[in-house]
Amino acid sequence: MSEHSIDLREAVRRRYAAAAVQVAEGAGACCGPEPVEVDENFGSTLYGADERDTLPAEAVAASLGCGNPTAVAELRAGERVLDLGSGGGIDVLLSARRVGPTGTAYGLDMTEEMLALALANAAKAGATNVEFLKGTIEAIPLPANTVDVVISNCVINLSVDKPAVFAETFRVLRPGGRIGVSDVVADDALTAEQRARRGDHVGCIAGALSFAEYRAGLEAAGFTGIEIVPTHQVADGMHSAIVRAAKPAVGPDITVGEARGEH
C-alpha cells in the first residue's frame, strides 16, 4: 500500500474514532448524545422514526451513512448478514432483528472506538445474535462462502483499494448470496479531480467511483445482476445510490447437477 493510501486510511480512522468519542461523551448529557451528522443527506434522518425509536440513542447518533441498506437488502429470517464498516452498529442491530434468533449479524470495523461503542449499543439493545469483528473491508476476517448478505452504508467509497473490497465481498458470500449497499456514486462525466473538488475523501465524496466504474468493479469480481440506482443527490453530480448484485449460485465450470452432488 502506498504512503498516500496509508495516510488516507488513517485519516478515515481518525474521523470515525473522533465521532465515536463524541457520541460516547455525549451519552451522559441530559438529552442524550447529539447526532454526529447534521446534513440531511447523511446520518440517522435517513432511517424511519419507527426504526430509530427502537435502538439505543448512541447507535442512532453515531450513524454516518448516506442511506439505509437494511431497507433494501430484503433480509430474511435465519440469514447471516455482514455489515462492512459497521460503525456504532445501527445497521447491525436492525439486521439482527430482521434475521431473528436463528440468524446472525456481523459488523466489521477497523476503529477500536467504534467497535467499543457498537458493543455497548448491542448490550443495551439486548442483541444476542450479533458479532463485531475488527479488521478492514479489504481483508475481511471471515471464511469463504459463509455469508448470505453483505450490506454497507456509505463506506466502500472510503476504501483506498475498492477492487480488493469487491473481491473480498465476493469471497465471503455463499454461492447465491447477495449485496445490498448504500454508497456515494459519481456521474460518469465527472473526472477524479472534479469529484475531489466536491468534498474531501474522509467526507465520503472524493473517493467515490462513477456509475460505470462501480459496475465494472463488481463485474470484475464476478458479480451478476448488478443494479445501481441513485436515490438522492449529495453534491453536484454525486449521488447516494442503492447497489444490488449477486454471487452466482453455480460457478461457470460447474453444472447444476454437480452442485447438488448428482452424478
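These numbers come from a predicted model, not from an experiment. (Residues numbered from 1 in each chain as written. Predicted model: local features only at pLDDT ≥ 70, side-chain atom pairs only at ≥ 80, totals over all residues. Heavy atoms only, no water.)

### With respect to the pairing of strand β2 (residues 104-109)
Counting buried positions along β2 gives five out of six residues, so the element sits mostly inside the fold. Following the backbone out of strand β1 (residues 80-84), through helix α4 (residues 90-99) and into the adjacent parallel β2, one traces a crossover that is right-handed. In terms of strand pairing, β2 meets strand β3 (residues 130-134) through five bridges, oriented parallel. Paired with D109 across the two strands is K134, which belongs to β3. Between β2 and its parallel partner β3, the chain crosses via helix α5 (residues 112-125), and the hand of that crossover is right-handed. (Buried < 20%, exposed > 50% of the residue type's maximum accessible area, 1.4 Å probe, protein only. Helix = DSSP H or I, 4+ residues; strand = E, 2+ residues; numbered from the N terminus. Right-handed = clockwise from strand over helix to strand, strands pointing away. Pairing = 2+ DSSP bridges.)

### Remarks on the environment of V99
Turning to its location among the elements, V99 is positioned in helix α4. In this structure V99 comes out as buried when scored by relative accessible area, which is 0%. With sequence-adjacent residues up to four places away left out, V99 is seen in contact with L75, R76, A77, G78, E79, V81, T104 and N129. (Contact = heavy atoms within 4.5 Å.)

### Brief notes about the environment of H239
Secondary-structure assignment places H239 in strand β8 (residues 238-246). Take H239: its relative accessible area is 14%, and that puts it in the buried class. Residues H239 and A208 lie 31 residues apart in sequence; the distance between their C-alpha atoms is 9.5 Å. In this view, H239 contacts D183, V184, V185, D187, F211, P230, H232, Q233 and V234; residues no more than four positions away in its chain are not counted.

### Quick word on the pattern of salt bridges
What the rule picks out here adds up to seven salt bridges. Overlapping salt bridges bring together R76, E79 and R178 as one network. (Salt bridge = Lys/Arg side-chain N within 4 Å of Asp/Glu carboxyl O.)

### A closer look at α4
With eight of 10 residues buried, α4 lies mostly within the body of the structure. Looking only at α4, the buried set comprises I90, D91, V92, L93, L94, S95, A96 and V99.

### Looking at the packing of helix α6 (residues 162-172) against helix α8 (residues 211-221)
Between α6 and α8, the least distance of the axes is 9 Å, while the angle of their chain directions is 45°. Considering the angle they form, α6 stands oblique to α8. For the element pair α6 and α8, the recorded crossing hand is right-handed. Between α6 and α8, the residues in contact are F166, A167 and F170 and Y214, G217, L218 and A221, respectively. (Axes fitted to C-alpha atoms, helices over the stretch in contact; angles between N-to-C directions. Parallel < 35°, antiparallel > 145°, perpendicular 65-115°, else oblique. Left-handed = near helix turned anticlockwise from the far one by under 90°.)

### Focus on the confidence of the model for the protein
Across the protein, pLDDT averages 76, with 65% of residues at or above 70. Across residues 27-39, where pLDDT falls below 50, the model places 24 contacts with residues more than four positions away in sequence or in other chains. Low pLDDT (under 50) marks residues 41-45, which in the prediction has 23 contacts with non-local residues, meaning those over four places away or in another chain. (pLDDT = per-residue confidence, 0-100.)

### Regarding the packing of aromatic side chains
Evaluation of the coordinates by the stated rule reveals two aromatic pairs. Taking the centre distance of 5.3 Å and the plane angle of 50° together, the rings of F166 and Y214 count as tilted. Within this pair, whereas F166 is found in helix α6, its partner Y214 is found in helix α8, the two being separated by 48 residues in sequence. Relative to F223, the ring of F170 lies with its centre 5.2 Å away and its plane at 90°, an arrangement referred to as edge-to-face. Of this pair, F170 sits in helix α6 while F223 sits in the loop between α8 and β7 (224-235), and the two are 53 residues apart along the sequence. Taking the relative accessible area as the measure of exposure, F170 reaches 19% and is therefore buried. (Phe/Tyr/Trp six-rings, centres within 6.5 Å; stacked < 30°, edge-to-face > 60°.)

### Quick look at the side chain of S86
Structurally, S86 is set in the loop between β1 and α4. A relative accessible area of 5% means that S86 is categorised as buried. If we skip the residues at most four places from it in the chain, S86 touches V92, G107, L108, D109 and F132.

### Concerning the pairing of strand β5 (residues 173-186)
Counting buried residues along β5, 11 of its 14 residues qualify, which places the element largely inside the surrounding structure. Remark: the strand β4 (residues 147-153)/α6/β5 crossover connection has right-handed handedness. The sheet contact formed by β5 and β8 spans nine bridges and is antiparallel. What sits directly across from V185, in β8, is H239. Where β5 meets strand β6 (residues 209-210), two bridges bridge the pair, whose relative direction is parallel.

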